There are 2 protein chains.
Amino acid sequence: MRRLVIGRTRDLLNRSHQNYRHSQHSLFLSSSRFLSSAPVIDSPSSSSSPPMSPPVTLNSINPKVVKCEYAVRGEIVTLAQKLQEEIQAKPGSQPFEEILYCNIGNPQSLGQQPITFFREVLALCDHPAILDKSETQGLFSADAIERAWQILDQIPGRATGAYSHSQGIKGLRDTIAAGIEARDGFPSNPDDIFLTDGASPAVHMMMQLLIRSEKDGILCPIPQYPLYSASIALHGGTLVPYYLDEATGWGLEISELKKQLGTARSKGIAVRALVVINPGNPTGQVLAEENQREIVEFCKDEGLVLLADEVYQENVYVPEKKFHSFKKVSRSMGYGEKDIHLVSFQSVSKGYYGECGKRGGYMEVTGFGADVREQMYKVASVNLCSNISGQILASLVMSPPKVGDESYESYCAERDGILLSLSRRAKMLEDAFNNLEGVTCNKAEGAMYLFPRIHLPEKAIRAAEEVKTAPDAFYCRRLLNATGIVVVPGSGFGQVPGTWHFRCTILPQEDKIPAVIDRLTDFHKSFMDEYRD
Amino acid sequence: MRRLVIGRTRDLLNRSHQNYRHSQHSLFLSSSRFLSSAPVIDSPSSSSSPPMSPPVTLNSINPKVVKCEYAVRGEIVTLAQKLQEEIQAKPGSQPFEEILYCNIGNPQSLGQQPITFFREVLALCDHPAILDKSETQGLFSADAIERAWQILDQIPGRATGAYSHSQGIKGLRDTIAAGIEARDGFPSNPDDIFLTDGASPAVHMMMQLLIRSEKDGILCPIPQYPLYSASIALHGGTLVPYYLDEATGWGLEISELKKQLGTARSKGIAVRALVVINPGNPTGQVLAEENQREIVEFCKDEGLVLLADEVYQENVYVPEKKFHSFKKVSRSMGYGEKDIHLVSFQSVSKGYYGECGKRGGYMEVTGFGADVREQMYKVASVNLCSNISGQILASLVMSPPKVGDESYESYCAERDGILLSLSRRAKMLEDAFNNLEGVTCNKAEGAMYLFPRIHLPEKAIRAAEEVKTAPDAFYCRRLLNATGIVVVPGSGFGQVPGTWHFRCTILPQEDKIPAVIDRLTDFHKSFMDEYRD
């Protein structure tokens, strides 16, 4: 047996040696590139002096950074923060008492309470020394204590302060894979899971992997969540837009995908991937399963990586729609690893949990060859690992308390309370927007946002032009200044040219919604009175 | 007064409008780039068909990703993980009982216990509902409870599950700035602090900001921590090496910096920044203050951003050396904001706390113009914020318990116990390496590593060549296979060509060190017996 093991080890070694040569080669390349590929000035003592270091200014930093935009935390939020400081410094100085941040899906900042069970487990894993103290029984539920022990046993040395495997703790990935299987009814491999600090770093990782130059394109919905445009800009690629159809509830038409793909290809763009956000952000639509099948077929036929943003998978508010993961849809069509490149993003920031500050999330990566997967692992390893609390929380949201657990009933009550309230808030705000003169608003079937369209009077558009601002931004600033309500202009997400929208979260606490609607309505009336043609 | 406020708001608005136009412009650019700058094929129906999407293979992904290397979690670790699986599956199948991971500075994975006070505060912030329960008094120290309340009061709405300000929670940045002031005796501005998920994302952020193309260079020490080479490769820049002088205890000579800068400039490279790691990784040297002054002067004169990796600031083991931050040194020379661009990186992963898995850290950024700072904020905002537990922990390490606090004595005992033990372990391992035939090892004055040089016999070098591997990697693999001890070949960090080293952490628990030394020594003797010329 010893010989066998030695033989296996030798195989490993030989394989590794080959890799090693490759690695050595790359390392030398990286220094020799410095020595060789940069243009050599033959006579350094010639009259032209060598280039000095440019001062660090807007003109000398990476232009991709300058180009990138992220409206969700853009300048309207900066203005809101300044107004808030003014209110604090001089109460009564504004026509409102507080700033209401409806610009970002950040539920707990607006008063949503965390799920108790999740926080109990996190606290116990942070300070395992209390796990076997008698007082702990009085403070924590029995299943939280049990779960904390289970999780600690999955962590080598029970060391919650150690770097983990760069894809995340193996036992937690097992739990997540089991959760995906239970959700989809199809197998999930823990080795396909990459745990990340929220979903954003996972999106960046895929863009970094796929984008080689501006000749590489990524198909993105318009309107889109601006993480995508920002990440594509930072990685130097080209955003290939496809428009969602507002008239059919932000419908995603395959004919539109084909048209935009064809146009891009005719211009020499190698389109690498299709981004689909389901449920939609900022648009709130939930895709029908039949539509998802068409999308899978399209990606398979065209060789596109399907980047499925599924972070709102728990946020569906209408009985006629149900969330289906693209993994489930593609597997139910009989498509496996060899047929389609598929990446699904999930986050602990959304759903009913809304744990944005914990920065937990994962991507499930299927359909890539082993060599490409190794590259993903390498990039993950450069950043060592994602934060362990976020990892634990990602496992918890994919494996919440079950029937019979001590926390089960309170957990269900908390979860359902949040989700039912969100669906009521979505409906109340949708109705309110549709009651405003010149405003139409599609239903939020899911996610956390409404994206109403404002038909602005010509006079308002001219007034905006006079102060050199976009008409929707003009409206949103006026709204903020009059009411303290912060929303994001549609131009931050993209919209059909000549149409104007804004994104408003459905997250203010339910008892505040009537007052929010009153403030919105009053503002809108006076705005229209001022600018009606 | 109302008029005054309105006037101020109008100013803000006007300024924002101008920015807004800029933002609109960029957004349109980003779609119009797709429409215009890509080469247009005049007749899409012509015989040459448009480019299809390339399959996702090693040849079609981003070559910067392929080029990047990170040896600390490279293939020798992959081999170690496979050996570990073999041991678990078949105990006794290897000539050792466990794998000892000395490849990475991950103290808690090797049994170091977390600082109790820090974990108490984290647990209470994770589950604030228990803060006013009577059982909590019995489980947690009074000052941990008080600190948790203080921190919660610094978080808007006490919402530890909300996204924070993209630079980190303001109150925590205040605490960190106060800690820096207490450390340095010079002011620190909380607005200069960017809290990040460990130090690595902060390093990436600066590389992303500074590197425009391969014509931009970053001066890095050789040997270096491979995060730097990896990040420069991922961002497409050029690593400009400067060699530390092993003969003078890894001395950093200004003449070497000047020589390498001159060579790089003569080849057309715009050198943007100088990376200094102090205390050194993998080299363990602690810079003398006089040397630091020269470095500051050099960066100031040459217009280089000084990127100061100061994550080992608490890890100094020799009485004759003391850590001085580059901020303190530059301020003590009379240089302020206008004189030098300076970025200091700090992490909760190192020091006596070793909280790697919490992914907390920050960078303090000084000397940049407001417009460049805005760009940094924008990039931070795309990722929303770093994880709140890591943020809290970063504030704790910069503001630990003080005289009179209930935890003060136990905190000091834990801290000093860890640091004193680390210094003993460093000395024991250093002596052991120096006792090996053909091995010389500089002292670890600080940090967590030794970087011994192995003078390999010609026969060993030839044997390595025969199996197509680098001689130091050959040695490290043999070491792993014989002893289960995982170290990283010097080629992963860079070394003077023709010299061979490896990096070994000083982190095995102290009671294990004698056995580690025995295993190392036995292996080395038999290796030398096999290959001695």
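Please read all numbers here as calculations on a predicted model, not as lab measurements.

1. Overview of the pattern of salt bridges
Close approach of charged atoms allows side chains with opposite charge to pair. Residue and element names in this part refer to chain A. Scanning the entire structure with this criterion turns up 48 salt bridges over all chains. The partner of Glu 290 in a salt bridge is Arg 293, with the nearest N and O atoms 2.7 Å apart. Taken as a pair, Glu 290 and Arg 293 lie in helix 11 (residues 289-302) at a separation of three residues, close to a single helical turn. Taking the relative accessible area as the measure of exposure, Glu 290 reaches 47% and is therefore partly exposed. Salt bridges here are not isolated pairs; linked through shared partners, they connect Arg 212, Asp 216 and Arg 272.

2. So, the sheet that holds strand 14 (residues 502-505) of chain B
All names here are of chain B. Ordered in space as 10-14-13, the three strands form an open sheet in which the pairing is antiparallel. Each edge of the sheet is formed by a strand with only one pairing partner; in this case those strands are strand 10 (449-450) and strand 13 (488-489). Here two bridges tie strand 13 to strand 14, and the two strands are oriented antiparallel to one another. The residue of strand 14 that forms the bridge with Pro 489 is Phe 502.

3. Description of the interface of chain B and chain A
By convention, interface size is frequently given as the accessible area that disappears when the constituent parts associate. Across the boundary between the two partners, chain B contributes 155 residues, which contact 155 residues of chain A. At the boundary of chain B with chain A, the tally comes to two salt bridges. At the boundary of chain B and chain A, one finds 39 residue pairs in polar contact (both at pLDDT 80 or more). Counting residues per element, the side of chain B that touches chain A draws most heavily on helix 1 (residues 2-36) of chain B, at 20 residues. Split into classes, the residues belonging to the side of chain B that touches chain A amount to 71 nonpolar, 50 polar and 34 charged.

4. Observations regarding the environment of A:Val275
All names here are of chain A. Along the polypeptide, Val 275 turns up in strand 5 (residues 270-277). The class of Val 275 is buried, set by a relative accessible area of 0%. Spatially, the C-alpha atom of Val 275 lies 28 Å from that of Arg 425, the residues being 150 residues apart in sequence. Aside from chain neighbours lying at most four places away, what touches Val 275 is Met 207, Ile 218, Leu 219, Cys 220, Pro 221, Tyr 228, Tyr 242 and Leu 307.

5. Describing a negative patch on the surface
Side chains of A:Glu458, A:Glu465, A:Glu466 and A:Asp533 sit close together on the surface and give a patch of like negative charge. Assessed through its relative accessible area of 51%, A:Glu465 is described here as exposed.

6. Notes on the relation of the copies chain B and chain A
At an RMSD of 0.0 Å, chain B and chain A line up after a rotation of 180° and a shift of 0.0 Å along the axis. Classification of the inter-copy transformation places it as that of a two-fold axis. Considering only C-alpha atoms, the part of chain B nearest the rotation axis is B:Ala123, at 2.1 Å. Most of the interface of chain B is mirrored in chain A, where 100% of its interface residues again form contacts.

The rules behind the values
Residues numbered from 1 in each chain as written. Chains lettered and ligands numbered in written order. Predicted model: local features only at pLDDT ≥ 70, side-chain atom pairs only at ≥ 80, totals over all residues. Heavy atoms only, no water. Salt bridge = Lys/Arg side-chain N within 4 Å of Asp/Glu carboxyl O. Helix = DSSP H or I, 4+ residues; strand = E, 2+ residues; numbered from the N terminus. Buried < 20%, exposed > 50% of the residue type's maximum accessible area, 1.4 Å probe, protein only. Pairing = 2+ DSSP bridges. Contact = heavy atoms within 4.5 Å. Polar contact = N/O pair within 3.5 Å; in protein donor to acceptor, adjacent residues only side chain to side chain. Nonpolar A, V, L, I, M, F, W, Y, C, P; charged D, E, K, R; others polar. Patch = residues over 30% accessible without salt bridge, like charges linked within 9 Å, V, L, I, M, F, W, Y side chains within 5 Å. Areas by Shrake-Rupley, 256 points an atom, 1.4 Å probe, with all protein chains shown as cover. Lys, Arg positive; Asp, Glu negative; His and termini not counted. Charge placed at Lys NZ, Arg CZ, Asp CG, Glu CD. Least-squares fit on C-alpha atoms with pLDDT ≥ 70 in both.

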